[in-house]
Amino acid sequence: MGHPPLEFSDCYLDSPDFRETLKCYELELERTGKSLKELIKDGNSVITAIRGYSVALQKFSQTLSMFQFDFIGDSLTDDEINIAESFHEFAGLLQEVEHDRMMLVQNASDLLIKPLEKFRKEQIGVTKEKKKKFEKESEKYYSQLDKHLNLSAKKKESQLQEADEVLDKERVNFYESSVEYVYQIHQVQDRKKFDVVEIIHILLTALDCVEMTRDFMPYKQELQLSLQNTRNHYESTSEEMEELMKRMKQPSQISKMHNLLPMEGYLYCQEKWALGMTWVKYYCKYHKEGRLMVMVPCEQKPTTKQGPTQLTLKSCFRRKTESIDKRFCFDVETNERNMPVTFQALSEGDRKMWMEAMDGKEPVMELNETGFKFVRKCINYIESKGVTQEGVYRTVGSNIQVQKLLNAFFDPTNPGDVDLHSSDWDIKTITSALKFYLRSLSEPLMTYSLHRDLMCAAKSDNLDFRLSEIHSLAHKLPEKNREMLEMLIKHLVNVCSHSDENRMTPSNMAVIFGPTLLRAKEETVAAMLDIKFQNIVVEILIEDYKKIFSNMPEDSTAPPVPPPRITPRKRQPITISKRPPRVYPTLSHDNFQNTESNY
């Protein structure tokens, strides 16, 4: 009876199915070990019995040789002579046969017992040692993981980093022991197919204790060929398997395998039990088609046996660090539950993979006083230290540093209490954090309600109408949105005025901030095709900043939609790439300082 195959990649998931498959192989090896033990015991009994039988026959031959016939008469006929010497002949034949038998019996231990004992020690015994190591490393890793996941997210960053390093080390040790154990299981399963049978085959051939009839000889020859083919196959693949095992243990391969594996693994789910809230460990599989999450409990409740739970996903959001004391958490909204379900992943990388699989989103930001304060501080810092830096806003900062800055600034216990000038923040971290904040607003800064009108304006062939319509729509924004937009565009105008040094022209800046400030409510193909028009809107806001934000729009009615064009354009519309360059005056840095007291 066959067993499910064991892949090295299964070691990294360490799923319940993987553990069950391991148990099947372990039970098979246990049976093999017991059978070999019985075979060795019975083999010794056979050898002892053969020796006893041989000794008895030798004693019997001695008795025969001493037996004498007494005949009547003075002389014996030839027949009587033959009969009188027959016992001597019988005795000589038996002694010769038993002498050869004893020689073979003396070699039987070397041919049968020692090879079987060697197989038990070198194959099954080594596998048991690998199993002990695997179980030990497994216990250490999961024990350390439980402690790690119970660490408070509010501990010092240095303590959390140290804890992450300790867990990473235990994880690598666990994966290595798991891969080595699976490799050894393959070894013993392959070798027993020919090693044990070859031992019996050689012994029977040497003892010649079975008469090789015509019916048996073809089978013996076919068996010998099968054994040789199996050994050749093992020897040809053994080296490759060992090399694969070594590669799979490398840290780089561990990281690569996590990215290639299907989205399944262990998650802790926050649940309300009789004694309060608790975290329950599940093995979860997410099926992207159908957005179905299947959760298998790892620890059954003492009173009832719990089957798999199925949840249909509606949305997924990263849980803010300040909103929960646990690390690596994310919330899932489902059709089956009225409240969001909170999960805890095993690491930050693990959480990221789960969220990517579920099309998860970062927690939304609010356009409030703290948000205004954050944007003002970012602008002041950039204008004082990085406005001439090449690729400003295009260069991306470290995601870890960006999240660290955002978590510190938007900490509800003391929001906004971060001095960017006194901390060791670089320009790309500040610019990335500013873009992240604007992208994470619950609604884009230029709102969903005005998005369609803005796209229609950007698509217009009438350049004057295009500008006037965007001018008018900017003043239809909610007051906070318009104030934030004006402050941001004023800053971008200032950055673009240094384009000779930083290479950030209005068109380059628009490519970055178009998808940041404008976004369709539904992600469709048409919305993706409109991204270039979002960029045009932002470019116009930068180029015509003074007109749009210093003057109220004129009362005008939008021109009627023109009929489809029959004749070609007499004049090509100005595009991002063809619009003539302008000179942008530098806006005073004090303008931002003077507005800080208003919020």
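Positions within a chain are numbered from 1, following the residues in the order the chain's sequence is written. Confidence filtering applies because this is a predicted model: local features only for residues at pLDDT of at least 70, side-chain atom pairs given and counted only at 80 or more, and all residues used for totals across whole chains, interfaces and linings. Calculated side-chain values reflect all of the structure's heavy atoms, with hydrogen atoms and water omitted.

Take the pattern of salt bridges next. Definition used for salt bridges: Asp or Glu carboxyl oxygen within 4 Å of a side-chain nitrogen of Lys or Arg. Taken as a whole, this structure holds 15 salt bridges when the rule is applied. K133 is the partner of E180 in a salt bridge, and the nearest nitrogen-oxygen pair spans 3.3 Å. Placement of E180 in helix 4 (residues 157-191) and of K133 in helix 3 (residues 78-149) is noted, with a sequence separation of 47 residues between them. Buried, partly exposed and exposed residues are distinguished by accessible area as a fraction of the type maximum, computed with a 1.4 Å probe on protein chains only: under 20%, between the cut-offs, and over 50%, respectively. Given a relative accessible area of 38%, K133 falls into the partly exposed group. Across the salt bridge formed by R351 and E348, the nearest N and O atoms sit 2.5 Å from each other. Separated by three residues within a single helix, R351 and E348 lie in helix 8 (residues 348-357), roughly one turn from each other. Given a relative accessible area of 5%, R351 falls into the buried group. Numbered from the N terminus, helices here are DSSP runs of H or I no shorter than four residues, and strands are runs of E no shorter than two.

Here we take up the packing of aromatic side chains. Any Phe, Tyr or Trp ring, taking Trp's six-membered ring, that has another such ring centre within 6.5 Å forms a pair; planes under 30 degrees apart are called stacked, those over 60 apart edge-to-face, and the others tilted. Counted according to the given criterion, the structure contains 17 aromatic pairs. With 5.7 Å between their ring centres and 40° between their planes, F174 and Y175 make a pair best called tilted. Judged by relative accessible area, Y175 falls into the buried class, the value being 5%. Here the aromatic rings of F409 and F410 are separated by 5.7 Å at their centres, their planes lie at 55°, and the arrangement is tilted. Accessibility classification places F409 together with F410 in one group, the buried group. Site record: aromatic cluster; members linked through ring pairs are Y12, F134, Y141, Y142, F174, Y175, Y181, Y266 and Y283. Whether a charge sits over a ring comes down to the Lys NZ or Arg CZ being within 6 Å of the ring centre and within 35 degrees of the ring normal. In this structure, K281 is placed above the aromatic ring of Y266, and the distance from its NZ or CZ to the ring centre is 4.7 Å. In this structure, K459 is placed above the aromatic ring of F533, and the distance from its NZ or CZ to the ring centre is 5.3 Å.

Right, let's talk about helix 14 (residues 479-496) for a bit. Side chains three or four residues apart in an α-helix point the same way, a direct result of the helix having 3.6 residues per turn. How far a helix is expected to stretch is found by multiplying one less than its residue total by 1.5 Å. The first and last C-alpha atoms of helix 14 sit 26 Å apart over 18 residues, in line with the 26 Å expected at 1.5 Å per residue. Counted residue by residue, helix 14 has 13 buried out of 18 residues, so it is predominantly covered.

This next bit is on helix 13 (residues 463-474). Across its twelve residues, helix 13 extends 17 Å between first and last C-alpha, which sits within 8% of the 16 Å expected from 1.5 Å per residue. Listed as buried for helix 13 are F465, R466, L467, E469, I470, H471, L473 and A474. Residues of helix 13 that are buried sit in contact with helix 12 (451-459), helix 14, helix 18 (531-543) and helix 19 (545-550). Residue contacts are counted whenever heavy atoms from the two residues lie within 4.5 Å of one another.

Let's shift gears to the pairing of strand 4 (residues 309-318). The side chains of a regular strand alternate between both faces of the sheet. One ladder, built from four bridges, connects strand 3 (residues 292-297) with strand 4; its direction is antiparallel. Bridge pairing in strand 4 places M295 opposite T309. The pairing of strand 4 with strand 5 (residues 329-334) spans five bridges and is antiparallel. Within the sheet, the bridge partner assigned to S315 lies in strand 5 and is E333. Two strands qualify as a pair provided that DSSP identifies no fewer than 2 bridges between them.

Attention shifts here to the sheet that holds strand 4. As summarised here, the arrangement of the six strands in space is 1-2-3-4-5-6, forming a closed barrel in which the pairing is antiparallel. When the angles between neighbouring strand axes are averaged without regard to direction, this sheet yields 50°. With two bridges connecting them, strand 1 (residues 264-273) and strand 6 (residues 341-344) associate as antiparallel partners. Counted as the bridge partner of Y268 is Q344 from strand 6. Angular values range over 0 to 180 degrees, each being the angle between N-to-C directions of two axes fitted as lines to C-alpha atoms, with helices fitted over their stretch in contact.

One finds Y393, Y437, I489, F513 and L517 to be the most contacted residues of the largest nonpolar core, which totals 66 residues. With nine residues, helix 14 is the largest single contributor of residues to this core. We call a set of buried residues a nonpolar core when its members are Ala, Val, Leu, Ile, Met, Phe, Trp, Tyr or Cys and they connect through side-chain atoms within 4.5 Å of each other. Listed in part, the 63 residues of the second largest apolar core include Y183, Y268, C284 and L346.

With that settled, the discussion passes to the confidence of the model for the protein chain. Close inspection of predicted coordinates is inappropriate for parts of the model with low pLDDT. Confidence per residue, as judged by the predictor, is encoded in pLDDT with a range of 0 to 100. Mean pLDDT over the protein chain works out to 82, with 84% of the residues at or above the 70 mark. Taking the mean pLDDT of every element in the protein chain, the minimum, 46, falls on helix 20 (residues 590-595) and the maximum, 96, on helix 14. When the criterion is pLDDT under 50, residues 560-584 qualifies, and its contacts beyond four places in sequence or with other chains add up to 24 contacts. The low-confidence segment residues 591-599 (pLDDT under 50) makes 16 contacts with residues lying over four places distant or belonging to another chain.

Here the focus is the environment of V341. Topologically, V341 is positioned in strand 6. The sequence separation of V341 and C316 amounts to 25 residues, and the corresponding C-alpha distance is 9.5 Å. Ignoring any residue separated from it by four or fewer positions in sequence, one finds V341 in contact with C269, L311, F330, D331 and V332.

This brings us to the side chain of N481. As for its placement among the helices and strands, N481 is situated in helix 14. The exposure class of N481 is buried, given its relative accessible area of 10%. Within the local environment of N481, its side chain forms a polar contact with the backbone oxygen of L445, the two atoms lying 2.8 Å apart. When residues no more than four places from it in sequence are discounted, the contact partners of N481 are L367, P444, L445 and T447. Contacts described as polar in this section are N or O atom pairs within 3.5 Å, which, within protein, must combine one atom able to donate a hydrogen with one able to accept it, while residues neighboring in sequence count only if both atoms come from side chains.

In this structure, I430 sits in helix 11 (residues 427-439). Separated by 44 residues in the primary sequence, I430 and G386 place their C-alpha atoms 9.9 Å from one another. Ignoring sequence-local partners within four residues, the contact set of I430 consists of C378, Y381, I382, L405, L420 and W425.

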